[in-house]
Amino acid sequence: MRHFALTVLAAVFSACTIMAQNYTLSTPNTTLIVANDNGTPKFVYYGPKINPATSVESMRAAGMTFDCHSYPAFGIWSENEKAIAVTQPDGSMTLDLEVESVKETSDADGSIIQINMKDRVYPFVIRQYFKAYNGTDVISTWTELVNNAKKTVALELFASANIPVIRSDNYVTHFHGAWGAESFVEEGKLQNGQLVIANKQGVRNAALDNPSLMLSVGGPATENSGTVFGGVLAWSGNYKIKVHAQNNSLEIFAGINEETSRYMLDGGKTFTTPEFAMTYSTEGKGGVSRAIHRWARKYALWNGDRERMVLLNSWEGVYMNITQDVMDQMMGDIAALGGELFVMDDGWFGDKYPRNKDNSSLGDWMVDARKLPRGIEGLIADANKHGIKFGIWIEPEMANTTSELYEKHPEWVLKAPNREIVLGRGGTQVVLDLSNSEVQDFIFGIVDNLMTTYPEIDYIKWDANMSILNHGSQYLPSDQQSHMYIEYHEGFKKV
């Protein structure tokens, strides 16, 4: 299958120019080659592993290389799809990038190629990164956008990645779903034109479409056979993955969804795009998923290589009708079945407004003593009695308008200036504004208080039951309202 992939490459792509200085990243089963082609950053090759003894010149002679800009910019060349577009302080919507230097470095996690580009006229710098993670077949890519001017540059488009893939009888696989019907496999032949996988919910960005995809080369792949590219965007907010196919070319653009998210980059500031993690497999779709899973367990998830406990969650059993005795009974039930963890779900909190339905109390994270007279201490004692661990449910980035929190801090919720607030679940749910540092401190404090007061809590179920319905921040200034979706998730990362 590896030989097939190289044969397809040879049939499709033309050569890079002779002047290129090439740089290579390798994983156990893949190779990526980029180049400084006389000042132009080029994407030369990405696919199944190339023997180190094989020269790029011989690959070029065999027609095995790509010949495309590694981060195409709108402006001097304005046709076709682009990875970046800006508006300069003087109103010009152009970038003309040249390579200033290329660095090969490493950190504790892997090897890195850093391509430093600058505009030929304006003091705007782009640092493009490619990183091969140790012990995996994953290479990630991202950019840093640096405004060295004194005045503000507007970022209109700011992709994390522009990746060419072999155009040869491609099939695309991604995951689509809805509440109660998540992550159904969608697969079909890729036609010429554009395929866009996107999300605009603000939060819960995998509830409908997942920020990932697989593309087969040379026909449909099976679980265990076929040549397949796979990639996933490591971003919790609105995203856009665009597959652009025309005749003999195929490119993937992936990054933050720039729609309604124009970003004003002040002088002296740097904007960093999220990582796009990718892999190439000659062992079908299963090879892609195994490679991404290995990377995620090792580098993206806390304790990702640790087995998870068998648990019982209280939700479907009693919903919000929580009592101390019923929780004790359910702990005994799961312990008798050999379970290891019990999680008390929604309905345990609220003082002035008890949480009996989904229309009140979010934000008021105090124990409802009417339901739990022995408190969380009593629940932990019962879990210890049954020989299991105890976990708890929270949804700290949300609030209800019927809550003590909202009565005290109505300015903490996302809401457009001069507009009536749009209410979600239960007719009262709203989203807290995580761009606000006070809100970040409040949400951090919820978790910190629980874990400090009850260090025996072993598991937190952090839920998200609402999208962002209100575009607008009462915290961000008027000239940064388009930053809301991005600053929300930057705040979320800080928490």
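Residue positions are given per chain, counting from 1 as you read along its sequence in written order. Two thresholds apply to this predicted model, a pLDDT of at least 70 for residue-level local features and 80 or more for giving and counting side-chain atom pairs, whereas whole-chain, interface and lining totals are computed over all residues. Side-chain measures here rest on the full set of heavy atoms in the structure, leaving out hydrogens and waters.

**Student:** Can you break down the overall build of the chain residue by residue, with the values?
**Tutor:** Under the DSSP-based scheme used, a helix requires at least four consecutive residues in state H or I and a strand at least two consecutive residues in state E, with every element numbered from the N terminus. Broken down by element type, the chain carries nine helices and 26 strands. Put simply, the radius of gyration uses C-alpha atoms, and a globule should come to 2.2 Å times the residue count raised to 0.38. Relative to the compact-globule value of 23 Å for 495 residues, the chain shows a C-alpha radius of gyration of 25 Å, a close match. The principal-axis extents of the C-alpha atoms in the chain amount to approximately 80 × 55 × 40 Å. When a residue's accessible area, from a 1.4 Å probe over protein chains only, is under 20% of the maximum for its type it is buried; when over 50% it is exposed; and in between it is partly exposed. Scored against the burial criterion, the 495 residues of the chain give a buried share of 53%. Any two residues having at least one pair of non-hydrogen atoms within 4.5 Å are treated as being in contact. Within the chain, contacts between residues separated by at least 24 positions form 65% of all contacts whose residues are at least 6 apart in sequence.

**Student:** Go over the sheet that holds strand E26 (residues 457–462) with me, naming the residues and quoting the values.
**Tutor:** Taken together, four strands build an open sheet; the order of strands is E21-E22-E23-E26 and the sheet is parallel. Edge positions in the open sheet fall to strand E21 (311–313) and E26, since each of these has one partner strand only. On average, each strand axis in the sheet is inclined to that of its neighbour by 25 degrees, with strand direction left out of account. When DSSP finds two or more bridges between two strands, those strands count as paired. Where strand E23 (residues 389–394) lies against E26, five bridges are found, and the strand directions are parallel. Bridge pairing in E26 places Gly391 opposite Tyr459. Running over the sheet, helix H6 (residues 375–386) touches strand E22 (341–344), E23 and E26 and is turned about 145 degrees from E23. To obtain each axis, a line is fitted to C-alpha atoms, and for helices this fit is confined to the stretch in contact; angles are then taken between N-to-C directions over 0 to 180 degrees.

**Student:** So, the sheet that holds strand E2 (residues 30–37): which residues are in play, and what are the values?
**Tutor:** The strand order across the open sheet built from four strands is E1-E2-E3-E4, with neighbouring strands paired in antiparallel fashion. Both outer strands of the open sheet, strand E1 (20–26) and strand E4 (68–69), are each paired with one neighbouring strand and no more. Pairing of E2 with strand E3 (residues 40–48) involves eight bridges; the strand directions are antiparallel. Counterpart to Asn36 in the pairing with E3 is Pro41.

**Student:** Tell me about the pattern of salt bridges, residues and numbers included.
**Tutor:** Think of a salt bridge as a Lys or Arg side-chain nitrogen and an Asp or Glu carboxyl oxygen that are within 4 Å of each other. For the structure shown, the criterion picks out 25 salt bridges. Close ionic contact of Glu283 with Arg290 constitutes a salt bridge, the shortest N to O distance being 3.6 Å. For the salt bridge of Asp368 with Arg370, the shortest nitrogen-to-oxygen distance reads 2.9 Å. A relative accessible area of 54% means that Arg370 is categorised as exposed. What you see here is one network of salt bridges that share partners, running through Lys200, Lys240, Glu258 and Glu259.

**Student:** I'd like a rundown of the pairing of strand E16 (residues 239–246), residues and numbers included.
**Tutor:** With seven of eight residues buried, E16 lies mostly within the body of the structure. As judged from the seven bridges shared by strand E13 (residues 193–199) and E16, these two strands associate in the antiparallel manner. Each residue of the ladder has a partner; that of Asn199, found in E16, is Tyr239. With eight bridges connecting them, E16 and strand E17 (residues 249–256) associate as antiparallel partners. Note on E17: the bridge partner recorded for Gln246 is Ser249.

**Student:** Got a sec to walk through the nonpolar core? Specific residues and values, please.
**Tutor:** To qualify as a nonpolar core, a set must consist of buried Ala, Val, Leu, Ile, Met, Phe, Trp, Tyr and Cys residues joined through side-chain atoms within 4.5 Å. The biggest cluster of nonpolar side chains holds 59 residues, and the ones touching the most others in it are Phe124 and Leu155. In terms of residue count, the dominant contributor to this core is strand E10 (residues 153–164) (six residues). The contact partners of Leu155, leaving out residues within four places of it in the chain, are Ala85, Val86, Phe124, Leu145, Arg262, Tyr263, Leu265 and Phe271. Counting residues in hydrophobic clusters, the runner-up holds 45 residues, among them Ile322, Trp348, Ile457 and Tyr488.

**Student:** Lay out unusual backbone geometry in plain terms, naming residues and giving numbers.
**Tutor:** Although it is not a glycine, Asn38 sits at a positive phi angle of roughly 55 degrees. Positive phi values are uncommon outside glycine, yet Arg204 reaches one of about 55 degrees. Within the fold, Arg204 resides in the loop between E13 and strand E14 (212–217).

**Student:** Describe in detail helix H9 (residues 484–494), supporting the description with residues and values.
**Tutor:** All of the buried residues in H9 are Met484, Tyr485, Ile486, Glu487, Tyr488, His489 and Gly491. If you follow the buried residues of H9, they end up packed against E10, E17, strand E18 (263–265), strand E19 (270–272), strand E25 (429–431) and helix H8 (437–453).

**Student:** Before we move on, could you go through the pairing of strand E7 (residues 110–119) and cite the residues and values that matter?
**Tutor:** Counting buried positions along E7 yields eight of ten residues, so the element is predominantly enclosed. With antiparallel pairing between neighbouring strands as the criterion, strand E6 (residues 97–107) and E7 make up a hairpin whose turn holds two residues.

**Student:** Which residues make up the packing of aromatic side chains, and what are the values?
**Tutor:** Ring pairs (aromatic) are described by centroid distance and by the angle formed between their planes. Only Phe, Tyr and Trp rings are paired, with Trp represented by its six-membered ring, and only when their centres lie within 6.5 Å; those with planes under 30 degrees apart are stacked, over 60 edge-to-face, the remainder tilted. Under the criterion given, the structure shown has 18 aromatic pairs. Residues Trp348 and Trp365 carry aromatic rings whose centres are separated by 6.0 Å and whose planes lie at 40 degrees to one another, so their mutual orientation is tilted. One end of the pair, Trp348, is in the loop between E22 and H6; the other, Trp365, is in the loop between E22 and H6, with 17 residues separating them in the sequence. Given the relative accessible area of 15%, Trp365 is considered buried.

**Student:** Before we move on, could you go through helix H3 (residues 284–300) and cite the residues and values that matter?
**Tutor:** Under the 1.5 Å per step criterion, the end-to-end length of H3 is 23 Å for 17 residues, consistent within 8% with the ideal 24 Å. Turning to H3, its buried residues number three or more, namely Gly284, Lys285, Gly286, Gly287, Val288, Ala291, Ile292, Trp295 and Ala296. Where H3 is buried, its residues contact strand E8 (124–133), strand E11 (171–178), strand E12 (181–189), E14, strand E15 (227–233) and strand E20 (276–281). One less than the number of residues in a helix, times 1.5 Å, gives the span that helix is expected to have.

**Student:** Go over the side chain of Glu395 with me, naming the residues and quoting the values.
**Tutor:** Position of Glu395 relative to the elements: it lies in the loop between E23 and strand E24 (398–400). Buried within the structure, Glu395 lacks any salt-bridge partner; Arg425 is the closest side chain of opposite charge, at an N-O distance of 4.6 Å. Polar side-chain contacts of Glu395 include one of 3.4 Å to the side chain of Gln429. All tallies of charge rest on Lys and Arg as positive and Asp and Glu as negative; His and the ends of each chain are not included. Distance and chemistry together define a polar contact, namely a pair of N or O atoms within 3.5 Å, with one atom able to donate a hydrogen and the other to accept it when in protein, and with adjacent residues in sequence counting only for side-chain atoms on both sides.

**Student:** Could you give me a rundown of the packing of helix H5 (residues 324–336) against H6, with the residues and numbers involved?
**Tutor:** Close contact between H5 and H6 brings their axes to 9 Å; oriented N to C, the two are set at 25 degrees. With respect to their mutual orientation, H5 and H6 come out roughly parallel. Seen along the crossing, H5 lies across H6 with a hand that is right-handed. Judged by residue contacts, Gln324, Met327, Asp328, Met331, Gly332 and Ala335 of H5 engage Gly375, Gly378, Leu379, Asp382, Ala383, Lys385 and His386 from H6. When the residues that make up the contact of H5 with H6 are grouped by side-chain class, the tally is five nonpolar, five polar and three charged. Here is the rule for angles: anything less than 35 degrees is roughly parallel, anything more than 145 is roughly antiparallel, 65 through 115 is roughly perpendicular, and the remaining ranges are oblique. A clockwise turn of the near helix away from the far one marks a right-handed crossing, whereas an anticlockwise turn of less than a right angle marks a left-handed crossing. Each residue receives one of three labels: charged for Asp, Glu, Lys and Arg, nonpolar for Ala, Val, Leu, Ile, Met, Phe, Trp, Tyr, Cys and Pro, and polar for the others, Gly being one of them.

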